[in-house]
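Observations on the three-dimensional arrangement
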Amino acid sequence: MNVTVLMENTARTGCALTPEHGLSLYIEHRGRVLLLDAGSSGKFADNARPLGIDLSAVEAAVLSHGHYDHSDGLRRFFQVNKRAPVYVRRGASGAYFAMDPEGPRYIGVHREIWEGFPSRFVEIEGLYPLSEGVWLVPETVHDSAFAGQAADLLFKRGQDDFVPDDYRHEQSLVLEGEKGLVVFNSCSHGGIVNIVQGVLAQLPGKRVFAVVGGLHMFSRGKSGMNCTPEYVIQVADALKELGVEEIHTGHCTGETALALLQKRFGPGCRALSTGQVLCFS
(Lines give C-alpha, C1' and ligand atoms only; values in the text may rest on other atoms or scores of the structure.)
Protein backbone atom coordinates (compact mmCIF):
# COMPACT_ATOMS: atom_id res chain seq x y z
CA MET A 1 0.00 0.00 0.00
CA ASN A 2 1.52 3.30 -1.15
CA VAL A 3 0.06 6.69 -0.22
CA THR A 4 1.18 9.91 -1.93
CA VAL A 5 0.25 13.20 -0.28
CA LEU A 6 -0.93 15.35 -3.19
CA MET A 7 -2.00 18.19 -0.91
CA GLU A 8 -1.40 19.21 2.67
CA ASN A 9 -0.97 22.52 4.47
CA THR A 10 2.81 22.26 4.32
CA ALA A 11 5.56 21.37 1.86
CA ARG A 12 9.17 20.65 2.62
CA THR A 13 11.76 23.39 2.09
CA GLY A 14 12.98 23.37 -1.49
CA CYS A 15 10.03 21.32 -2.66
CA ALA A 16 8.61 22.49 -5.99
CA LEU A 17 5.08 21.49 -4.99
CA THR A 18 2.42 23.96 -3.84
CA PRO A 19 0.76 23.49 -0.43
CA GLU A 20 -2.60 24.87 0.65
CA HIS A 21 -5.09 24.52 3.49
CA GLY A 22 -6.57 21.17 2.54
CA LEU A 23 -5.82 17.50 2.11
CA SER A 24 -5.67 15.05 -0.78
CA LEU A 25 -4.22 11.54 -0.77
CA TYR A 26 -3.53 9.26 -3.76
CA ILE A 27 -3.64 5.64 -2.63
CA GLU A 28 -2.46 2.47 -4.39
CA HIS A 29 -3.78 -0.69 -2.74
CA ARG A 30 -3.93 -4.25 -4.07
CA GLY A 31 -3.87 -3.12 -7.68
CA ARG A 32 -6.53 -0.45 -7.23
CA VAL A 33 -6.07 3.32 -7.30
CA LEU A 34 -8.10 5.50 -4.93
CA LEU A 35 -8.28 9.21 -4.16
CA LEU A 36 -9.22 10.54 -0.75
CA ASP A 37 -10.33 14.19 -0.95
CA ALA A 38 -9.20 16.83 -3.43
CA GLY A 39 -8.06 19.82 -1.37
CA SER A 40 -9.53 23.30 -1.54
CA SER A 41 -8.61 24.05 -5.17
CA GLY A 42 -7.23 22.32 -8.25
CA LYS A 43 -3.64 22.63 -7.02
CA PHE A 44 -3.57 18.98 -5.93
CA ALA A 45 -3.80 18.08 -9.63
CA ASP A 46 -0.90 20.43 -10.44
CA ASN A 47 1.16 18.65 -7.79
CA ALA A 48 0.28 15.25 -9.26
CA ARG A 49 2.09 15.95 -12.54
CA PRO A 50 5.66 16.36 -11.22
CA LEU A 51 5.04 13.37 -8.94
CA GLY A 52 4.34 11.22 -11.99
CA ILE A 53 0.73 10.57 -10.98
CA ASP A 54 -2.02 10.19 -13.57
CA LEU A 55 -5.32 11.16 -11.94
CA SER A 56 -7.27 9.70 -14.84
CA ALA A 57 -6.23 6.28 -13.48
CA VAL A 58 -8.16 6.79 -10.23
CA GLU A 59 -10.90 4.16 -10.06
CA ALA A 60 -12.83 5.50 -7.06
CA ALA A 61 -12.70 8.66 -4.97
CA VAL A 62 -13.86 9.24 -1.41
CA LEU A 63 -14.97 12.50 0.17
CA SER A 64 -14.16 12.33 3.86
CA HIS A 65 -16.74 14.93 4.91
CA GLY A 66 -18.69 17.89 3.64
CA HIS A 67 -16.17 20.75 3.99
CA TYR A 68 -14.76 22.89 1.18
CA ASP A 69 -11.08 22.29 1.96
CA HIS A 70 -11.56 18.65 1.00
CA SER A 71 -14.08 19.04 -1.81
CA ASP A 72 -13.45 22.17 -3.87
CA GLY A 73 -10.73 20.40 -5.85
CA LEU A 74 -13.37 17.98 -7.16
CA ARG A 75 -14.14 20.51 -9.91
CA ARG A 76 -10.65 19.89 -11.28
CA PHE A 77 -10.81 16.16 -10.61
CA PHE A 78 -13.96 15.81 -12.70
CA GLN A 79 -12.14 17.52 -15.59
CA VAL A 80 -9.21 15.10 -15.58
CA ASN A 81 -11.09 11.94 -14.57
CA LYS A 82 -14.36 11.15 -16.35
CA ARG A 83 -15.24 7.85 -14.69
CA ALA A 84 -14.41 7.51 -10.99
CA PRO A 85 -17.43 7.69 -8.66
CA VAL A 86 -17.08 9.79 -5.51
CA TYR A 87 -18.42 8.07 -2.39
CA VAL A 88 -19.95 10.42 0.15
CA ARG A 89 -21.72 9.96 3.44
CA ARG A 90 -25.40 10.92 3.62
CA GLY A 91 -25.53 14.50 4.89
CA ALA A 92 -22.30 15.62 3.20
CA SER A 93 -24.28 18.15 1.16
CA GLY A 94 -25.53 19.95 4.26
CA ALA A 95 -25.09 23.61 5.18
CA TYR A 96 -21.97 23.60 7.36
CA PHE A 97 -20.51 26.72 8.94
CA ALA A 98 -17.65 27.87 11.16
CA MET A 99 -18.39 30.54 13.75
CA ASP A 100 -15.94 33.39 13.28
CA PRO A 101 -15.81 36.59 15.37
CA GLU A 102 -17.66 38.28 12.49
CA GLY A 103 -20.37 35.61 12.45
CA PRO A 104 -21.08 32.28 10.71
CA ARG A 105 -18.88 31.50 7.68
CA TYR A 106 -19.96 28.87 5.15
CA ILE A 107 -17.46 26.00 4.92
CA GLY A 108 -19.56 23.34 3.20
CA VAL A 109 -19.31 21.86 -0.27
CA HIS A 110 -20.28 24.51 -2.79
CA ARG A 111 -23.64 23.90 -4.43
CA GLU A 112 -22.39 24.00 -8.02
CA ILE A 113 -20.25 20.92 -7.33
CA TRP A 114 -23.28 18.86 -6.29
CA GLU A 115 -25.54 20.31 -8.96
CA GLY A 116 -22.98 20.30 -11.78
CA PHE A 117 -21.91 16.66 -11.38
CA PRO A 118 -24.82 14.76 -9.79
CA SER A 119 -24.05 11.49 -11.58
CA ARG A 120 -20.55 11.31 -10.09
CA PHE A 121 -21.63 11.05 -6.44
CA VAL A 122 -22.63 7.84 -4.67
CA GLU A 123 -24.35 8.47 -1.33
CA ILE A 124 -23.88 5.69 1.20
CA GLU A 125 -24.96 4.75 4.71
CA GLY A 126 -23.60 2.38 7.31
CA LEU A 127 -20.51 0.24 6.96
CA TYR A 128 -19.76 0.07 3.24
CA PRO A 129 -17.35 -2.49 1.73
CA LEU A 130 -15.80 -0.72 -1.26
CA SER A 131 -13.66 -3.64 -2.42
CA GLU A 132 -11.63 -6.49 -0.94
CA GLY A 133 -9.84 -5.11 2.11
CA VAL A 134 -11.35 -1.63 1.72
CA TRP A 135 -14.20 -0.18 3.77
CA LEU A 136 -15.94 3.15 4.26
CA VAL A 137 -16.71 3.36 7.95
CA PRO A 138 -19.15 5.75 9.68
CA GLU A 139 -18.55 7.18 13.12
CA THR A 140 -20.47 5.18 15.72
CA VAL A 141 -18.64 5.85 19.01
CA HIS A 142 -19.32 9.16 20.75
CA ASP A 143 -17.48 8.94 24.07
CA SER A 144 -17.42 12.49 25.46
CA ALA A 145 -13.99 11.90 27.03
CA PHE A 146 -12.44 11.65 23.57
CA ALA A 147 -14.85 13.78 21.53
CA GLY A 148 -13.35 16.34 19.18
CA GLN A 149 -12.76 19.67 20.86
CA ALA A 150 -13.80 22.07 18.08
CA ALA A 151 -16.64 24.17 19.46
CA ASP A 152 -17.05 26.52 16.50
CA LEU A 153 -18.36 24.16 13.81
CA LEU A 154 -22.07 24.34 13.08
CA PHE A 155 -24.86 22.93 10.96
CA LYS A 156 -27.54 25.31 9.67
CA ARG A 157 -30.77 23.44 10.24
CA GLY A 158 -33.25 26.15 9.29
CA GLN A 159 -33.33 29.74 8.10
CA ASP A 160 -31.25 30.99 11.03
CA ASP A 161 -31.08 27.91 13.23
CA PHE A 162 -27.46 26.97 13.84
CA VAL A 163 -26.74 23.85 15.89
CA PRO A 164 -23.45 22.09 16.74
CA ASP A 165 -22.27 19.82 13.95
CA ASP A 166 -22.64 16.15 14.93
CA TYR A 167 -20.32 15.04 12.08
CA ARG A 168 -22.65 12.39 10.76
CA HIS A 169 -21.31 13.39 7.32
CA GLU A 170 -17.78 12.25 8.24
CA GLN A 171 -16.37 8.85 7.32
CA SER A 172 -13.12 6.91 7.47
CA LEU A 173 -11.51 5.14 4.56
CA VAL A 174 -10.07 1.93 6.03
CA LEU A 175 -7.62 -0.28 4.16
CA GLU A 176 -6.21 -3.62 5.18
CA GLY A 177 -2.47 -4.14 5.09
CA GLU A 178 -0.15 -6.92 6.19
CA LYS A 179 0.39 -5.33 9.63
CA GLY A 180 -3.25 -4.44 10.18
CA LEU A 181 -5.75 -1.77 9.24
CA VAL A 182 -4.77 1.73 8.16
CA VAL A 183 -7.48 4.25 9.10
CA PHE A 184 -7.65 7.38 6.95
CA ASN A 185 -9.77 10.15 8.46
CA SER A 186 -9.00 13.57 7.06
CA CYS A 187 -10.06 15.70 10.05
CA SER A 188 -11.23 13.32 12.80
CA HIS A 189 -13.82 15.83 14.02
CA GLY A 190 -15.47 13.20 16.19
CA GLY A 191 -12.18 12.42 17.94
CA ILE A 192 -9.59 9.98 16.62
CA VAL A 193 -9.85 7.65 19.63
CA ASN A 194 -13.61 7.35 19.14
CA ILE A 195 -13.05 6.77 15.43
CA VAL A 196 -10.54 3.96 15.98
CA GLN A 197 -12.82 2.34 18.57
CA GLY A 198 -15.69 2.51 16.07
CA VAL A 199 -13.59 0.91 13.34
CA LEU A 200 -12.58 -1.95 15.65
CA ALA A 201 -16.20 -2.51 16.70
CA GLN A 202 -17.46 -2.59 13.11
CA LEU A 203 -14.61 -4.76 11.79
CA PRO A 204 -14.28 -7.34 14.58
CA GLY A 205 -11.15 -9.45 14.70
CA LYS A 206 -9.06 -6.74 13.02
CA ARG A 207 -6.38 -4.51 14.53
CA VAL A 208 -5.55 -0.91 13.63
CA PHE A 209 -1.88 -0.49 12.81
CA ALA A 210 -1.87 3.17 11.70
CA VAL A 211 -3.99 6.29 11.48
CA VAL A 212 -3.50 8.90 8.75
CA GLY A 213 -5.01 12.39 8.53
CA GLY A 214 -5.79 15.49 10.52
CA LEU A 215 -6.79 15.41 14.18
CA HIS A 216 -8.45 18.85 14.33
CA MET A 217 -6.56 20.13 17.37
CA PHE A 218 -5.44 23.43 15.82
CA SER A 219 -6.71 26.84 16.91
CA ARG A 220 -5.77 30.37 15.88
CA GLY A 221 -5.81 31.31 19.56
CA LYS A 222 -2.75 32.04 21.64
CA SER A 223 -2.14 28.40 22.65
CA GLY A 224 -2.33 27.13 19.06
CA MET A 225 -4.72 24.38 20.15
CA ASN A 226 -8.48 24.01 20.59
CA CYS A 227 -7.89 21.55 23.44
CA THR A 228 -5.78 21.17 26.55
CA PRO A 229 -2.34 19.54 26.64
CA GLU A 230 -3.88 16.89 28.90
CA TYR A 231 -6.37 15.97 26.18
CA VAL A 232 -3.56 15.51 23.63
CA ILE A 233 -1.66 13.28 26.04
CA GLN A 234 -4.79 11.22 26.74
CA VAL A 235 -5.31 10.76 22.99
CA ALA A 236 -1.72 9.58 22.48
CA ASP A 237 -1.96 7.13 25.38
CA ALA A 238 -5.36 5.79 24.30
CA LEU A 239 -4.19 5.16 20.73
CA LYS A 240 -1.25 3.19 22.06
CA GLU A 241 -3.57 1.17 24.29
CA LEU A 242 -5.70 0.41 21.23
CA GLY A 243 -2.64 -1.03 19.50
CA VAL A 244 -1.95 1.81 17.07
CA GLU A 245 1.76 1.87 16.15
CA GLU A 246 1.91 4.76 13.68
CA ILE A 247 0.29 8.20 13.47
CA HIS A 248 0.76 10.24 10.29
CA THR A 249 -0.90 13.58 10.85
CA GLY A 250 -1.09 17.16 9.65
CA HIS A 251 -3.59 19.54 8.02
CA CYS A 252 -5.80 20.54 11.00
CA THR A 253 -3.68 19.04 13.80
CA GLY A 254 -1.43 22.06 14.26
CA GLU A 255 2.25 22.30 15.15
CA THR A 256 1.72 22.65 18.90
CA ALA A 257 -0.43 19.54 19.20
CA LEU A 258 1.86 17.64 16.83
CA ALA A 259 4.87 18.38 19.05
CA LEU A 260 2.99 17.11 22.11
CA LEU A 261 1.84 13.99 20.29
CA GLN A 262 5.34 13.21 19.09
CA LYS A 263 6.79 13.65 22.56
CA ARG A 264 4.18 11.40 24.17
CA PHE A 265 3.62 8.81 21.43
CA GLY A 266 7.22 8.57 20.30
CA PRO A 267 8.89 8.17 16.88
CA GLY A 268 5.83 6.44 15.44
CA CYS A 269 4.11 9.83 15.24
CA ARG A 270 5.14 11.70 12.10
CA ALA A 271 4.11 14.83 10.24
CA LEU A 272 2.42 14.77 6.85
CA SER A 273 3.70 17.02 4.07
CA THR A 274 2.84 17.66 0.44
CA GLY A 275 4.74 15.27 -1.83
CA GLN A 276 5.44 12.72 0.89
CA VAL A 277 5.03 9.02 0.10
CA LEU A 278 3.96 6.59 2.82
CA CYS A 279 4.48 2.86 2.39
CA PHE A 280 2.51 0.33 4.43
CA SER A 281 3.40 -3.31 3.85
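Residues numbered from 1 in each chain as written. Predicted model: local features only at pLDDT ≥ 70, side-chain atom pairs only at ≥ 80, totals over all residues. Heavy atoms only, no water.

1. Quick look at the pairing of strand 7 (residues 103–106)
Of the pairings in the sheet, the one linking strand 6 (residues 96–100) to strand 7 comprises four bridges and is antiparallel in character. Looking at the pairing, alanine 98 lines up with arginine 105 of strand 7. With antiparallel pairing between neighbouring strands as the criterion, strand 6 and strand 7 make up a hairpin whose turn holds two residues. (Pairing = 2+ DSSP bridges. Helix = DSSP H or I, 4+ residues; strand = E, 2+ residues; numbered from the N terminus.)

2. Thoughts on the packing of aromatic side chains
Enumeration according to the criterion identifies eight aromatic pairs in this entry. Aromatic side chains tyrosine 87 and tyrosine 128 sit 5.6 Å apart centroid to centroid with 45 degrees between the ring planes, which places their arrangement in the tilted category. Residue tyrosine 87 is found in strand 5 (residues 86–89), and its partner tyrosine 128 is found in strand 9 (residues 128–131); the two are separated by 41 residues along the sequence. Its relative accessible area of 12% is what places tyrosine 87 among the buried residues. Since its relative accessible area comes to 27%, tyrosine 128 is described here as partly exposed. Where tryptophan 114 meets phenylalanine 121, the ring centres are 4.5 Å apart and the plane angle is 50 degrees; that geometry is what we call tilted. Look at phenylalanine 121 and you get buried, because its relative accessible area is 14%. Against the face of phenylalanine 265 rests lysine 240, its NZ or CZ located 5.5 Å from the ring centre. (Phe/Tyr/Trp six-rings, centres within 6.5 Å; stacked < 30°, edge-to-face > 60°. Buried < 20%, exposed > 50% of the residue type's maximum accessible area, 1.4 Å probe, protein only. Lys NZ or Arg CZ within 6 Å of the ring centre and 35° of its normal.)

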